[in-house]
Amino acid sequence: MCQVDEEYNSPLEHKSLPAVSKKCMKCKEGTAVLIIRVGDAFCRSCFKEYFIHKFRAMLGKNRVIFPGEKVLLAVSGGPASSCMLAQVQEGLSRDAPKKLRFMPGIIYIDEGGVCGQNAEEREKAVVQLESIFRMTGFPYHIVPLEQVFTLPESVLEPVYSREQPGSSYKAAVDQHIRTEVTRGHGEPAVEETQDAVGRLSLQASTYKPEHKLALEGLFSSLKTLTAKQDMLQILRHHLILHTARINGYSKVMIGDSCTRLAIKLLTNISLGRGAALAADTAFSDSRYGDVVMVRPMRDYSSKEIGFYNRLFEVQSVFIPGLDTKTADKASIQRLTESFVVKLQADFPSTVSTVYRTSEKLHTACPPQSSTTEAAAKCLLCLCALDTKAGKLQH
Amino acid sequence: MPIQCSSCAKKRAVLRRPKTGYSLCKSCFFWAFEEEIHQTIVSAQLFNRGETVGIGASGGKDSTVLAHVLKVLNERYDYGLKLLLLSVDEGITGYRDDSLETVKRNQQQYDLPLTIVSYEELYGWTMDAIVKQVGLKNNCTFCGVFRRQALDRGAMMLNVDKICTGHNADDVAETVLMNVLRGDIARLHRCTAISTTSDGEGAIPRCKPLKYAYEKEIVLYAYFKKLDYFSTECVYSPNAYRGHARTFLKDLEAVRPSAIMDIIHSGENLSVKEGVKMPVQGTCSRCGYISSQALCKSCVLLEGLNRGLPKLGIGKHHRLHDKILTQQALTQQEEKKLKAMDF
Ligand SMILES: [Zn+2]
Ligand SMILES: [Zn+2]
Ligand SMILES: [Zn+2]
């Protein structure tokens, strides 16, 4: 039937050809090297300034990362998470007071075991990444996905700390400054980092053959690529979460760009995860209780990140994923990605519109409340259950 | 070797249900399809005994199947409803005149009273005449707004308690996707509701009994029941953006048939942050129809048509509503802006 029985006001902004302007819109002097959006032309140095500022602004606005806090950066080798790593490096190298003051570590989950890579290829990817990680001087953790079978069951339970760090950002900052003053120097991060690197280089990225088999068995029992991708994402989060817990990281940074988040939002709607949408796409996600996931790259489009990485030589490593070289319609995730990318090409406001939708949504599972019954949570993703078996809703 | 029906295990299966993938015989499919709609009606408490229910009938497959199934269920489960058909004549040559012939036959076939209200008698404009003035770009906006109100007005004339429309699961899922793509949080919040209750005057409660019925199954049902319906698309093509959402939904369904239900489930479980501005519903000061503005959309569109300023209702011109209400003249600049239509 004709579906137009709701009025829609403004016709969508269609792609218009950008007017070629030669000068940077910010400094009005430098020659523009790129145009992010229609009309926004930047020269190289203004673009860098703008890009770096956005990262700090995102952290500053949300005030969830405390000075001195241990933060685990989830790096997949892809452009967005590699860029996030570069932003953290850049932020830590700055002079006070603009300096970032948390203590980063890196985690890479080696998913080669389910993405069709052999041992050699996996090793090669790890070597490449390690050379990037070493240059940062940050401690790093290379964790093969097979290790998911060594996790304690408790990873599936949210942990609530008694103190509420969210309650006083300012107190945490004051505390940090006092500690630094009594120590008499301002470089605790570096000192501890070097220790940690020494410790961590001993931790080999190994897995047992039986776990390799178990993982292969698990994934071959999943009949569709959609389910495999879903499962991989859940297991990856469990491993990151566990690594964060045993190493004392209280925050995890995930490099989702706004393009990625728009795709994720639409994917999750198509997978029936509407109730968990806010938790899955918000800036900070505290469903696990003691470890909070944050997404500081969520204001950048994948195009901006691509420009930045190219202009400022941020290295990334291509590692094939589950859906690399698959057809557009191989899975719900893959299909949604190609749909969003194509629509974005015709309607440049698509990604930002979808992404803004995520900001207006409410988390169905209220975080940081231990009163919520444990039974009402999904065992795998730890979101509030949205199933009323046998009863239609509405 | 013929496949047996997986439900009765007696007869030969003639189809695979798109929704579940089960192979069924004809009568088991009919039963399953009708029972699911019955479950929807019962669990959402869509009707009360003794009510008069107007079925929005366009002559297309959805409303034809809806009329048929409601009649069947009303008898089978003794809902005690008085059913009638309500059609809108938009005045589209080669489309609505033909489909109305179908509705007139349905009236005979199902033995249900039929009332037709036309745009021409309600608004003084047929869609053909509107298209002549506004072109093919925004014509669907006019049609959608006018149809919504026309159904209400027809229903009021007939003292109908509830209107039900043939929106199916695909339509609802597609609307969820559309509203996400447009960032329309208010509609996203509302669009999966199976029924709307009217708080203000001027609108009659509406419901969608086919909300969980797949379009593919509606087609199969109509085909195997040999229902008489009209299957031509509207001659004034719908907007391209919705077309993208529709194609995407069909592709999703091909990858995973449950995607349609999953999207509806997502929509039902979304919760909107407090503090996000939602429009407040009031009533139109000219016609009394529900509206979040001083003038309802329909009155604004009509005013635009009558003044030869078709852009008045397209886009945001709320500032001008006061001027229209008090019948002030528009400035030349305002007129110019509203006149030009891109075809
Ligand atoms: Zn879950
Ligand atoms: Zn059967
Ligand atoms: Zn009105």
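Residues numbered from 1 in each chain as written. Chains lettered and ligands numbered in written order. Predicted model: local features only at pLDDT ≥ 70, side-chain atom pairs only at ≥ 80, totals over all residues. Heavy atoms only, no water.

Right, let's get into the overall build of chain A. Counting its regular elements, chain A contains twelve helices and eight strands. Taken across its 394 residues, chain A has 49% of its residues classed as buried. Considering only residue pairs separated by 6 or more positions, chain A has 72% of its internal contacts joining residues 24 or more positions apart. When the accessible surface of chain A is summed, it comes to about 19200 Å², and 55% of that surface belongs to carbon and sulfur atoms. (Helix = DSSP H or I, 4+ residues; strand = E, 2+ residues; numbered from the N terminus. Buried < 20%, exposed > 50% of the residue type's maximum accessible area, 1.4 Å probe, protein only. Contact = heavy atoms within 4.5 Å. Areas by Shrake-Rupley, 256 points an atom, 1.4 Å probe, with all protein chains shown as cover.)

Each protein donor to the zinc ion (ligand 3) is listed here as C284 of chain B (SG), C287 of chain B (SG), C296 of chain B (SG) and C299 of chain B (SG); together their distances run 2.3 Å. Of note, the donors binding the zinc ion (ligand 3) are all from one chain and are spaced C-x2-C-x8-C-x2-C. (Donors = N, O, S within 2.8 Å, 3.2 Å for Na, K, Ca; no water.)

Attention shifts here to the coordination of the zinc ion (ligand 2). All names here are of chain B. The protein atoms donating to the zinc ion (ligand 2) are C5 (SG), C8 (SG), C25 (SG) and C28 (SG), with metal-donor distances spanning 2.2 to 2.4 Å. Of note, the zinc ion (ligand 2) draws all its donor residues from one chain, in the sequence arrangement C-x2-C-x16-C-x2-C. Placement of the pair is C8 in the segment before β1 (15-16) and C25 in the loop between β2 (23-24) and α1 (26-43), with a sequence separation of 17 residues.

Glancing now at the side chain of S270 of chain A. Position of S270 of chain A relative to the elements: it lies in helix α8 (residues 258-270). There is a polar contact of 3.0 Å between the side chain of S270 of chain A and the backbone oxygen of L266 of chain A. Setting aside anything within four residues of it in sequence, one finds S270 of chain A in contact with I332 of chain A together with F248, L252, A259, D262 and I263 of chain B. (Polar contact = N/O pair within 3.5 Å; in protein donor to acceptor, adjacent residues only side chain to side chain.)

The next point concerns the sheet that holds strand β6 (residues 251-254) of chain A. All names here are of chain A. Pairing is mixed across the open sheet formed by six strands, whose spatial order is β5-β4-β3-β6-β8-β7. Each edge of the open sheet carries a strand with a single partner, namely β5 (140-144) and β7 (284-285). Both β7 and strand β8 (residues 292-294) contribute to a ladder of two bridges, which runs antiparallel. If you follow S284 over to β8, its bridge partner there is V294. Each of β3 (70-74), β4 (103-110) and β6 is contacted by helix α2 (residues 79-93), which is oriented at about 150° to β3, the strand it contacts most. (Pairing = 2+ DSSP bridges. Axes fitted to C-alpha atoms, helices over the stretch in contact; angles between N-to-C directions.)

Residues and elements named next belong to chain B. Strands sit in the order β5-β4-β3-β6-β8-β7 across an open sheet of six strands; the sheet is mixed. Unpaired on one side and paired on the other, β5 (114-118) and β7 (195-196) mark the two borders of the sheet. Here strand β3 (residues 52-56) runs beside strand β6 (residues 162-164); their pairing, made up of three bridges, is parallel. Each residue of the ladder has a partner; that of V53, found in β6, is K162.

For the rest of this paragraph, the subject is the interface of chain B and chain A. Listed by partner, the interface residues are 56 residues for chain B and 47 residues for chain A. Summing both sides of the interface, chain B and chain A together bury roughly 5100 Å²; the carbon and sulfur share of this comes to 61%. Where chain B touches chain A, the interface holds one salt bridge. Its salt-bridge partner being D251 of chain B, residue K329 of chain A comes within 3.4 Å of it at the nearest N-O pair. At the junction of chain B with chain A, the criterion picks out four residue pairs in polar contact (both at pLDDT 80 or more). Breaking the side of chain B that touches chain A down by element, the ones donating at least two residues are α1, α2 (61-76), α6 (139-157), α7 (169-181), α8 (185-190), α10 (240-255) and α11 (259-269) of chain B. (Buried area = accessible area lost by both parts, 1.4 Å probe. Salt bridge = Lys/Arg side-chain N within 4 Å of Asp/Glu carboxyl O.)

What follows covers the packing of α2 of chain B against helix α9 (residues 215-224) of chain B. All names here are of chain B. Contact pair α2 / α9: the axes reach a minimum separation of 10 Å and the direction vectors enclose 65°. Looking at the two axes, α2 sits roughly perpendicular to α9. Viewed along their axes, α2 and α9 form a crossing whose handedness is left-handed. Across the interface between the two elements, K61, D62, V65, H68 and V69 of α2 pack against E215, I218, V219, Y221 and A222 of α9. (Parallel < 35°, antiparallel > 145°, perpendicular 65-115°, else oblique. Left-handed = near helix turned anticlockwise from the far one by under 90°.)

Where side chains of opposite charge bring their charged atoms close, a pairing between them can arise. All names here are of chain A. One pass over the full model with this rule turns up 44 salt bridges over all chains. A salt bridge links E304 to K54; the nearest nitrogen and oxygen atoms lie 3.1 Å apart. Pair noted here: E304 is in helix α10 (residues 302-311) and K54 is in helix α1 (residues 44-62), with a separation of 250 residues, a long-range link. Considered together, E304 and K54 belong to a single accessibility category, that of buried residues.

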